[in-house]
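Below, each chain spelled out in residue letters.
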Amino acid sequence: MPAMQAPVQAFERLGSAGMLCDIWDTPKVLKQLLEKHLKAGGGVEIAGLRDKLPDSHGLKGRTPLEVMAACSHGKGASCSHRKISLIGSGTSWHVSLLAEYLIEHIARIPVEVQYASEFRYRQPLLQPGDILIVVSNSGETTDAVESLRKVRRSPNGESVLIIAVVNEVESTLARESDVAINVSAGSEVGVASTKGFSAASMIFALLAAALGQETGTFVAAEQGVFLDHIKAIPDKVQTVLDRESKSLKREGTADKPLEIGECALWDIACQNALAQNVIFLGRGFNFPIALEGAMKCKELAYIHAEGYPAAEMKHGPIALIDQFMPVVVICPKADTGYEKIKANIEEVKARSGAVIAITEETNTELQAPLCEHVIYVPETHEYLMPLLCVIPLQLLGYMMGVLRGNEVDNPRGLIKSVSTKMGSPRGKGSGYPS
């Protein structure tokens, strides 16, 4: 492992280009998605979901939105045994987990999430009317592509709706699926996905809202409140970026490094960059974000990190906690399990663990001595809190990677899958970022 660079030396390697630029693009990407998919009179419109499937399809004459809504266990729905299966790899798997929470809570449709690398070698139990959603940034991840093709060849494959959620509309997955939803994140400089994760998460929030409207499980008043919160997300992400990393993007400041206290997240990174292990905890909608935070810590800082549901800490990980183990806890008051997560923090403190908490800016309950550090984000709907909480975790992994002298834009061992146009050979990929 490279020796940690002095904060002054490391600061000289920061700038507006590279992965930091990717993260800072997030508000613009999210705003463009909202402009594209939110209807002027209210509601959500995602291209392709209201187009009837062709006569060659086993579900011909029905729209993808109708097929998905038929799986609902919600208001007025007859008993349905159909389901949505979501598959992905790496960051795309974490997006899929978040999608599971969103779709099940809002549209009351059963969802199961699997790794594409595992799904590919299983015998899929899919029946007519089931849905397979394949999530892949490049649309070329080998395991994801082969999983799609396996479903197509299965006994009921012609009557399974296949949707690709991709960032490349010219990709293999987009071409071979029934519907391709473009997350429209644009190209990323960094190999590790950042704005792509946020864009895909936003797409699933919008998809869940559209399904909730279609199934009747999301009444107009609830949907109106939810969509109002969604519209505010890009500006709130910008608020987090300004607070936690604007000082890193200053031009011409290599001879004037950050002062202590000028950027709280940089100070946290400096204090924890030599850690050998980090635990990330979250509950409910924020559990996938704990997993994503741990992944960024591994990918960028080369530090062993694990993400857990907060309540699972006592089933093993608690034995590892001591004064040398930073514990990052996503603990917004919007979370229905907030009091339980606070109890988890107290368990960490009882074992001399150092807690870094993420919560709303109006919450003063987690300050010292309970937590060593508190990272604040604006208030929002419980379902949308992951879109805000993931930003400081991406930045923290990035900063610790820089401090450790790592090539954060091109982490060792990782390569991007490259999408190719029809007629040319498929790009080779590691399966991540997917």
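Per an unreviewed UniProt entry, the recorded name for the protein is SIS domain-containing protein, and the organism is Polarella glacialis.

Novice: Got a minute to help me understand the sheet that holds strand 4 (residues 161–166) in this structure?
Specialist: The pairing of strands in a sheet comes from backbone hydrogen bonds and takes either a parallel or an antiparallel form. The five strands lie next to each other as 2-1-3-4-5, forming an open sheet whose pairing is parallel. Because the sheet does not close on itself, it has two edges, and the strands there are strand 2 (111–115) and strand 5 (179–182). Pairs of neighbouring strands in the sheet enclose a mean axial angle of 20 degrees, with direction left out of account. In this sheet, strand 5 lies alongside strand 4 in parallel orientation, the contact comprising four bridges. Paired with Ala164 across the strands is Ala180, a residue of strand 5.

Novice: I keep staring at helix 3 (residues 26–37) and nothing clicks. Help me out?
Specialist: Each full turn of the α-helix corresponds to 3.6 residues, which orients residues three or four apart in the same direction. Given a rise of 1.5 Å per residue, twelve residues ought to cover 16 Å, and the 17 Å separating the end C-alpha atoms of helix 3 matches this to within 8%. Among the residues making up helix 3, those that are buried are Thr26, Pro27, Val29, Leu30, Leu33, Leu34 and His37. In a view along the axis of helix 3, the buried residues occupy a sector of 165 degrees, so they form one face of it. Those residues of helix 3 hidden inside the fold are in contact with helix 2 (19–24), strand 5, helix 9 (195–215), helix 10 (220–245) and helix 14 (385–403).

Novice: It is not clear to me how the packing of aromatic side chains should be interpreted in this structure. Could you clarify?
Specialist: Geometry of an aromatic ring pair is reported as the spacing of the ring centres plus the angle between the planes. Within this structure, the stated rule accounts for five aromatic pairs. Look at Trp93 and Tyr115: their rings are 4.0 Å apart centre to centre, the planes differ by 15 degrees, and that puts the pair in the stacked class. Placement of Trp93 in helix 5 (residues 91–107) and of Tyr115 in strand 2 is noted, with a sequence separation of 22 residues between them. Look at Trp93 and you get buried, because its relative accessible area is 13%. Assessed through its relative accessible area of 38%, Tyr115 is described here as partly exposed. Linked through ring pairs, Tyr101, Phe218, Phe226, Phe285 and Tyr383 together constitute an aromatic cluster. In this structure, Arg412 packs its charged tip against the face of Tyr302, placed 3.8 Å from the ring centre.

Novice: Before we go on, may I ask you to explain the sheet that holds strand 6 (residues 277–282) in this structure?
Specialist: Pairing within the open sheet is parallel, and its five strands lie in the order 7-6-8-9-10. Edge positions in the sheet fall to strand 7 (304–309) and strand 10 (373–377), since each has one partner strand and no second. Across the sheet, the mean angle from the axis of one strand to that of its neighbour is 20 degrees, orientation sign disregarded. In this structure, strand 8 (residues 326–330) lies alongside strand 9 (residues 354–360), joined through five bridges in parallel fashion. Residue pairing in the sheet places Val329 in a bridge with Ala357 of strand 9. Across the sheet, helix 12 (residues 287–301) is in contact with strand 6, strand 7 and strand 8; its angle to strand 7 comes to roughly 180 degrees. Where helix 13 (residues 338–350) meets the sheet, its contacts fall on strand 8 and strand 9, and the angle it forms with strand 8 comes to roughly 170 degrees.

What counts, and where the lines are drawn
- Residues numbered from 1 in each chain as written.
- Predicted model: local features only at pLDDT ≥ 70, side-chain atom pairs only at ≥ 80, totals over all residues.
- Heavy atoms only, no water.
- Pairing = 2+ DSSP bridges.
- Helix = DSSP H or I, 4+ residues; strand = E, 2+ residues; numbered from the N terminus.
- Axes fitted to C-alpha atoms, helices over the stretch in contact; angles between N-to-C directions.
- Expected span 1.5 Å × (residues − 1).
- Buried < 20%, exposed > 50% of the residue type's maximum accessible area, 1.4 Å probe, protein only.
- Arc of directions from axis to C-beta.
- Contact = heavy atoms within 4.5 Å.
- Phe/Tyr/Trp six-rings, centres within 6.5 Å; stacked < 30°, edge-to-face > 60°.
- Lys NZ or Arg CZ within 6 Å of the ring centre and 35° of its normal.

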